[in-house]
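# Residue-level structure breakdown
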Amino acid sequence: MSYLELRDIRKSYYLGNQEFKVLKGINLNFERGEFVSILGESGGGKSTLMNIIGGLDSNYEGDVFLKGESLRHETTKQLDAYRRQTIGFIFQNFNLISHLTILQNVMVSLEMTSLSHAEQEERAKELLDKVGLTEHIKKFPNQLSGGQKQRVAIARALASDPEIIIADEPTGALDSENTKEILQLLYQIAAEGKLVITVTHSQTVADYGTRIVRLADGQISEDIELKPAYPADSEHELATHTLRFGATLKMALDNMKYNWKRNLLIIIGAAIGIFSVILMQGLGNGVQGYMNHEIYSQINPNAVQVAKNVSSDELAEGSKKVNLTNQDRQRFEKIKNVKDVQEGYYVQGGTRLQNGKKTANLQMMQTYNDTIKKKSIKQGHAPKNGEILLTKENAQKLNKKDTNALIGKKITYTQTVMNDQKQPVQLKQDLTVSGIASANSGSTSVTYKTLKQMYADQNIKLAPNFMTVVIKGNAKNVKPVQTKIKDYKTGKKATYTITGAGAIVDTLNTYIDLAVNVLAAIAGISLLVSAIMIIVVLYISVSERTKEIGILRALGASKGSIRNLFFSEAFFIGLFAAILAIALALLIQVGANSLSQAGIHYAIMQISGSNIAFGAIVSIVISLLAALSPAGRAARLDPIESLSYE
Ligand SMILES: Nc1ncnc2c1ncn2[C@@H]1O[C@H](COP(=O)(O)OP(=O)(O)OP(=O)(O)O)[C@@H](O)[C@H]1O
Ligand SMILES: [Mg+2]
């Protein structure tokens, strides 16, 4: 059994229906220690044969046996491993990766071995030393002469210590001096006991070997042994694996560095979208916070007003349905975190204040309750029994010049109400002005007790038409209480409604949320543009790197690794775009807030941790999604076609 055996290899190319037979039944046996030169006319099928031996082409008839095992039994992955481990390729046009240094070019192959990183680097340096390039390891391929490039390629081919070296016209692009050096190296490899198969046009090259095989008309026309084969080495191929994810990440990063100007532009482009989304969310948080802050500086967030949920008709009739009872009070008191339930009454119209000749008709009067913040009382104090708190507006009607002079003075309060017989009755009482409240906080108010007494004086029993539920602790406790109250049903209808400023805050927040989401979605459209941009760039990258893909495949990288290479690139675009966007957004936040602090004493931009996380995740996910199609295309590229891509 020979080390490598070709049995009846046939291969045709088809142009349309027309068949072009290139190989017409090749039978050859090879042993390690041989230096075989394959000669033949141009277009005779030498490269085709080498691609078959090298496991790059599996679309042929016949069989290739390695140590008696047919390559036909191999899966795609096993063929990748065969190329990595058993085959070392050397090409006429060197096929080095132009954006990697000499050392990195050799390292690519070594990264697919089981050696540790330090061992890989040591071996790469050893191999480069062996081919005489120690001084050049930091150079890029375009900084080397042809002979030097081919020596790099030889070092790379030897990286995983393969048993077979396939060289397709390795000296075709070299002058005679360099040819000699390369042949010397190949000779040395064979002498060390490996199988070297070289395609050549040159008889001088062929004379270097141990054996000459001539190809003519798709068949072997001559097979001459010049010298006996060198003794085979003891087999010690390195264990290999395809490019690990870490390696593809690093390669992607290297490539991005190489094309840094273009990639920077892409990253900036992608960052704009993410940046706008983060900024919108931060602004939304800020505006919402500011609104709530403003409202809650006037009203107490821990007190909500609850009324019966009645129709406007029932309300107009003065139906008893609007009244809240002891049963309602008990319900509220039972809810978790409720500290107090206060009775309240409000009237619209029919109420009048009089100070001497001056009068003020009240559009609305409600009893004093805990939703009104003590802070909003600018002068004086909250009303006690027999007292009245005036809004600034009403106070001005009663004493234009000096509203403060009203405090402590008695004014006359009148209100027209219906008695139990539906007859209008007038309540009338002198009340002391307790204080003046700021214009936009609540209403002119008396205590519930004061009002109840006025009703009682006319033999009418006052029932509350709203209750103030006071909630203890943090403002966060408020929402669950509100929800509990809203959940009570009478039939299908909610029993209660939340009224007063607290209810507005909720609605307002809903609207702000909506507005922010709409703005963020509009900003999100620019993400679509980013995604398309990334797709285009990755497609360009794939076509620019077609040759590199072919090289990597020839070195034994799997399709999956090629795919990962482009996913890695996309990942970095997403990551860097996110970092840039976040940094920019935070910078704008600092600027905007220092302005808004000066103007409205409030930080109007509040980018939260989750906004940042959201931006980062969206950026990376979009980039990876954009990479799906280009990465798939790269993985599907045919390695032979890619290698011949110019
Ligand atoms: N992908 C392909 N599609 C169609 N025909 C092809 C393809 N690749 C090679 N051929 C044809 O197959 C024949 C053998 O090509 P091959 O490259 O193996 O020749 P070669 O012996 O290596 O020639 P050279 O010495 O010029 O490199 C040629 O006629 C070529 O045109
Ligand atoms: Mg060829």
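Report follows, based on the coordinates. Bear in mind that the values here come from a model prediction, so they are computed numbers and not experimental data.

Reading guide: rules and limits
- Residues numbered from 1 in each chain as written.
- Chains lettered and ligands numbered in written order.
- Predicted model: local features only at pLDDT ≥ 70, side-chain atom pairs only at ≥ 80, totals over all residues.
- Heavy atoms only, no water.
- Helix = DSSP H or I, 4+ residues; strand = E, 2+ residues; numbered from the N terminus.
- Buried < 20%, exposed > 50% of the residue type's maximum accessible area, 1.4 Å probe, protein only.
- Contact = heavy atoms within 4.5 Å.
- Near = heavy atom within 4 Å.
- Polar contact = N/O pair within 3.5 Å; in protein donor to acceptor, adjacent residues only side chain to side chain.
- Areas by Shrake-Rupley, 256 points an atom, 1.4 Å probe, with all protein chains shown as cover.
- Nonpolar A, V, L, I, M, F, W, Y, C, P; charged D, E, K, R; others polar.
- Patch = residues over 30% accessible without salt bridge, like charges linked within 9 Å, V, L, I, M, F, W, Y side chains within 5 Å.
- Salt bridge = Lys/Arg side-chain N within 4 Å of Asp/Glu carboxyl O.
- Pairing = 2+ DSSP bridges.
- Axes fitted to C-alpha atoms, helices over the stretch in contact; angles between N-to-C directions.
- Parallel < 35°, antiparallel > 145°, perpendicular 65-115°, else oblique.
- Left-handed = near helix turned anticlockwise from the far one by under 90°.

Structurally, T86 can be placed in the loop between α2 (76-85) and β6 (87-91). According to the relative accessible area criterion, T86 is buried, its value standing at 6%. When neighbours within four sequence positions are excluded, T86 is seen to be in contact with Y3, L66, A81, P162, E163, I164 and E237.

We now examine the site of ligand 1. Around ligand 1 lies a shell formed by Y13, V22, E41, S42, G43, G44, G45, K46, S47, T48, E169 and H201. Between S42 and ligand 1, the recorded distance is 2.6 Å, taken from a side-chain N or O atom to an oxygen atom. Between ligand 1 and G43, the relevant distance is 2.8 Å, taken from an oxygen atom to a main-chain nitrogen or oxygen of the residue. Alone, ligand 1 offers 630 Å² of accessible surface; in the complex the protein occludes 58% of this. A total of three residues in the shell around ligand 1 trace back to one element, the largest contributor, which is helix α1 (residues 46-53). Of the residues belonging to the shell around ligand 1, the class tally is two nonpolar, seven polar and three charged.

Our next topic: the side chain of S596. Inspection of the secondary structure puts S596 in helix α17 (residues 559-600). Of the polar contacts made by the side chain of S596, one reaches the backbone nitrogen of I604; its length is 3.1 Å. Beyond its immediate sequence surroundings of up to four residues, S596 is in contact with H601, Y602, A603 and I604.

This brings us to a nonpolar patch on the surface. A cluster of nonpolar side chains, W260, L264, L265, I268, I272 and L580, forms an exposed patch at the surface whose accessible area comes to about 580 Å². For the nonpolar patch, the element with the most residues is helix α9 (residues 260-298), which contributes five residues. By the secondary structure assignment, L264 is in helix α9. A residue is classified by how much of its surface remains accessible, and L264, at 42% relative accessible area, is partly exposed.

Read across the open sheet, the six strands follow the order β6-β7-β8-β3-β9-β10; overall the sheet is mixed. Single-partner strands in this sheet number two, and they are β6 and β10 (219-225). Adjacent strand axes in the sheet meet at a mean angle of 15 degrees when their direction is disregarded. In terms of strand pairing, β6 meets strand β7 (residues 164-168) through five bridges, oriented parallel. Paired with F89 across the two strands is I166, which belongs to β7.

Before going further, it helps to spend a moment on the pattern of salt bridges. Two side chains with opposite charge may pair up if their charged atoms get near one another. Within the structure shown, the criterion is met by 23 salt bridges. The salt bridge involving E222 is made with R214; its shortest N-O contact spans 2.6 Å. Salt bridges sharing partners connect three or more residues here, namely R32, D161, E163 and K194.

So, on to the sheet that holds strand β12 (residues 338-344). Overall, antiparallel pairing links the four strands, which are arranged β12-β19-β11-β22 in an open sheet. On the outer flanks of this sheet lie β12 and β22 (496-499), each paired with one strand and no other. Averaged over all neighbouring strand pairs, the angle between strand axes comes to 30 degrees, with direction disregarded. Bridging between β12 and strand β19 (residues 466-471) involves six bridges; their strand directions are antiparallel. Each residue of the ladder has a partner; that of E343, found in β19, is M467.

Two numbers describe how α17 lies on helix α18 (residues 609-636): the axes approach to 7 Å, and their chain directions differ by 155 degrees. Between α17 and α18, the interaxial angle falls into the category roughly antiparallel. Read as a crossing pair, α17 and α18 show a hand that is right-handed. Looking at the contact of α17 with α18, its residues break down into 20 nonpolar, four polar and two charged.

Just distances and angles here, no functional claims.
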